[in-house]
Amino acid sequence: MTSVSSDTVLEVEHLSVSFPTSRGTSTVVDDSSFTVEAGRTVGIVGESGSGKSMTSLAIMGLLPGGGRAVGSAKLKGKELLGLSDRAMRPIRGDRMAMVFQDPLSSLNPFYTVGLQIAEAYRSHRKVSKQAAKKIVIAALDRVGIPDPERRYNHYPDQFSGGMRQRIMIAMAICLEPELLICDEPTTALDVTVQAQILGLLSGLQKENGMGMVFITHDLAVVSEVADEVLVMRHGVTRERGTTEEIFTQPKDSYTRALLDALPRITDDPDAVMKETGEEHRS
Ligand SMILES: Nc1ncnc2c1ncn2[C@@H]1O[C@H](COP(=O)(O)OP(=O)(O)OP(=O)(O)O)[C@@H](O)[C@H]1O
Ligand SMILES: [Mg+2]
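Below is a short write-up of the structure. (Residues numbered from 1 in each chain as written. Chains lettered and ligands numbered in written order. Predicted model: local features only at pLDDT ≥ 70, side-chain atom pairs only at ≥ 80, totals over all residues. Heavy atoms only, no water.)

**Considerations on unusual backbone geometry**
Alright, step 1. You will see that E184, though not glycine, has its phi angle at about 50 degrees, which is positive.
Alright, step 2. For E184, the location among the structural elements is in the loop between β7 (179–183) and α8 (191–208).
Alright, step 3. Unlike most non-glycine residues, H234 shows phi in positive territory, near 50 degrees.
Alright, step 4. In this structure, H234 sits in the loop between β9 (228–233) and β10 (236–242).
Alright, step 5. Residue class for H234 comes out exposed when judged on its relative accessible area of 55%. (Helix = DSSP H or I, 4+ residues; strand = E, 2+ residues; numbered from the N terminus. Buried < 20%, exposed > 50% of the residue type's maximum accessible area, 1.4 Å probe, protein only.)

Structure follows, in structure tokens:
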């Protein structure tokens, strides 16, 4: 049983996601349950195809065609599953937002980033264009975009990958969502930029107290950001626990295999160098 407190932002219970196939129904998320508290982060890890993204897309009401979600996902007590598009629109992007791996897929190359964030903002709040612009510049500043007034007028391809991800985070946090879902937000970035983005997210979370779901295939990343971890494989939650429990007393054989695959810090400085080098290369 999951315990629900007044600080519970997201409560997922018995969530299953399935798709029709020519050979019957394929279940890609199988009976998943977890809760996200305000100011806390739940990490979801697992190999490719384990159902991490489908879990978050079901919560956001963004499953691809044919996908069906059953069970329950409540945002501050409000059931999200089964909501019509119309009912979902005021919630998505406003009370809950998502950051994806590839910012370019979410940004229109033909509009300046400032205008795109301002329009997204104005679709939820009745403010003038001028007021929205001010808010957006403040958000760009907050996520560490240098010279935000000037950068407001730049197009997505004028930014590096790390800066584009900051822009996506600015768009996501502009409306101060209660829940932020990050789906592999740092996977395409090199390790230094990855560390900066992780630091940025945790700083914003401390300021806002938003609940976060952080999806990654990288256990090292999850150990840095998550308070609790869900280990998924083939749609099934293999193990769930605090980050400390998962890393120090993994119960499931699959979790142990994932942990064994992690580069290990040893007393031998040469070994550490080698392993760090490998991480940099990937
Ligand atoms: N449109 C679709 N129709 C049917 N099945 C799909 C569809 N999209 C994805 N799937 C299947 O759903 C399963 C879970 O996919 P999901 O994208 O959630 O995996 P993931 O854990 O996010 O993987 P990755 O780490 O590669 O992003 C996969 O087996 C995938 O093949
Ligand atoms: Mg995915």
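**Details of the packing of aromatic side chains**
Alright, step 1. The final tally for this structure, using the stated rule, is 0 aromatic pairs.
Alright, step 2. Stacked on the ring of Y152, the Lys or Arg K133 has its end atom at 5.0 Å from the ring centre.
Alright, step 3. Between R151 and the ring centre of F159, over which it is positioned, the NZ or CZ distance is 4.1 Å. (Phe/Tyr/Trp six-rings, centres within 6.5 Å; stacked < 30°, edge-to-face > 60°. Lys NZ or Arg CZ within 6 Å of the ring centre and 35° of its normal.)

**Here's the deal with the site of ligand 1**
Alright, step 1. Neighbouring ligand 1 are the residues F19, V28, E47, S48, G49, S50, G51, K52, S53, M54, P64 and E184.
Alright, step 2. G49 is positioned with one of its backbone polar atoms (N or O) 2.8 Å from an oxygen atom of ligand 1.
Alright, step 3. For ligand 1, an oxygen atom lies 3.1 Å from a polar atom in the backbone of S50.
Alright, step 4. Starting from 640 Å² of accessible surface for ligand 1 in isolation, the protein chains cover 60%.
Alright, step 5. Among the elements that line the shell around ligand 1, the one with the most residues is helix α1 (residues 52–60), at 3 residues.
Alright, step 6. Residue classes in the shell around ligand 1 are distributed as 4 nonpolar, 5 polar and 3 charged. (Near = heavy atom within 4 Å. Polar contact = N/O pair within 3.5 Å; in protein donor to acceptor, adjacent residues only side chain to side chain. Areas by Shrake-Rupley, 256 points an atom, 1.4 Å probe, with all protein chains shown as cover. Nonpolar A, V, L, I, M, F, W, Y, C, P; charged D, E, K, R; others polar.)

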